[in-house]
Amino acid sequence: MRKILHIYIVAFCLWSCSESHADREALIEEALQELEEQEETDEEEEEETSLMYYSSEISSLLDLHCVSCHSNANATSSLSLEGYQNAKTSFDTGTSLERIQSTTNPMPPAYKTPLSVDEIAKLIKWQNDGFLETDPNL
Ligand code: HEC
C-alpha cells in the first residue's frame, strides 16, 4: 500500500515539475501524514475487535447449539456447558473443541444443525485468546 502511494507521489512530482519545490514538498508531507493517520486508525480498530469474550459471543452460541442437551439440570453424558466456568472447563481440558470439529462423531449430533465455519472459528479464537470471560470495555 505504502509502496503504491510512493509511486504515485513520485509520478505526481515528475508530472508537476512546473510547481515550486516547496509546494511539492508540502504536498508529499501532507500525503504521508494522511497515510500515517489512516494506519493508526486501522490499528485501533483491529485492537477493538481482536479478542473473543465469553460474554460477548460464546455464551449465546453455546446456549443456541449445546445447552439444550448439556445444561446443569439436563447434563447429558454428565456434561454441562451452562455458564462460563463449565464452558471453559470443557473447552480447555475436555473434548468439546474436538467434538465440534469431528466429522465422525460430531457435536451437536449429526441430526442437529451443525455449527457454521464462522462459529467454530469463534470458539477456536476464544481458546487462542485464553478463554476470556468479560470484555472490560463493556
Ligand atoms: C441434541 C442433544 C445434544 C446437543 C445439542 C449437543 N450434545 Fe453433546 N452430547 C450429546 C449426547 C447424547 C452425548 C453422549 C454421546 C456422545 O458422546 O456422542 C454428548 C456428548 C458430548 C461430549 C462428550 C462428553 C463426555 O466426555 O462424555 C461433548 C464434549 C459434547 N457432547 C459437547 C457438545 C457441544 C460443545 C455441543 C454444542 C456445540 C453439544 N455437545 C451439543 C447430546 C447433545
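That block above? That's the structure.
Bear in mind the structure is a predicted one, so any value in this text is a computation, not a measurement.

## Points about the overall build of the chain
So, step 1. On a plain count of helices and strands, the chain comes out with 6 helices and 0 strands.
So, step 2. Walking the chain from its N terminus toward its C terminus, one meets helices and strands in the order α-α-α-α-α-α.
So, step 3. With 138 residues in all, the chain has 12% of them scored as buried.
So, step 4. When contacts within the chain are restricted to residue pairs at least 6 apart in sequence, those whose partners lie at least 24 apart make up 55%.

## Quick look at the site of the ligand
So, step 1. Residues in contact with the ligand amount to 21 residues; listed here are only the nearest, Cys66, Cys69, Ser77, Met107 and Pro108.
So, step 2. Looking at the shell around the ligand, the element that brings in the most residues is helix α5 (residues 96-101), giving 3 residues.
So, step 3. For the shell around the ligand, the residue count by class is 9 nonpolar, 10 polar and 2 charged.

## Let's talk about helix α3 (residues 54-65)
So, step 1. Every buried residue of α3 is accounted for by Tyr54, Ile58, Leu62 and His65. On an axial view of α3, the arc spanned by its buried residues comes to 95°, and they lie on one face.
So, step 2. Looking at the buried residues of α3, the elements they touch are α4 (84-92) and α6 (117-128).

## A few points about the packing of α3 against α6
So, step 1. Across the interface, α3 lies against α6 with an axial gap of 11 Å and an inter-helix angle of 130°. What the angle tells us is that α3 and α6 run oblique. Where α3 crosses over α6, the handedness of that crossing is left-handed. Residue-level inspection shows Tyr54, Glu57, Ile58 and Leu61 of α3 in contact with α6, the latter providing Glu119, Lys122, Leu123 and Trp126.
So, step 2. Here the residues of the contact of α3 with α6 sort into 5 nonpolar, no polar and 3 charged.

## Some details on α6
Note: α-helices contain 3.6 residues per turn, so residues at a spacing of three or four share the same orientation.
So, step 1. Look at α6: 16 Å from first C-alpha to last across 12 residues, which is about the 16 Å you get at 1.5 Å a residue.
So, step 2. With its phi angle positive at about 95°, Gly130 sits one or two positions after the end of α6.

Parameters and conventions
Residues numbered from 1 in each chain as written. Predicted model: local features only at pLDDT ≥ 70, side-chain atom pairs only at ≥ 80, totals over all residues. Helix = DSSP H or I, 4+ residues; strand = E, 2+ residues; numbered from the N terminus. Buried ≥ 20, exposed ≤ 12 C-beta atoms within 10 Å, placed from the backbone. Contact = placed C-beta atoms within 7 Å. Near = placed C-beta within 6 Å. Nonpolar A, V, L, I, M, F, W, Y, C, P; charged D, E, K, R; others polar. Arc of directions from axis to C-beta. Axes fitted to C-alpha atoms, helices over the stretch in contact; angles between N-to-C directions. Parallel < 35°, antiparallel > 145°, perpendicular 65-115°, else oblique. Left-handed = near helix turned anticlockwise from the far one by under 90°. Expected span 1.5 Å × (residues − 1).

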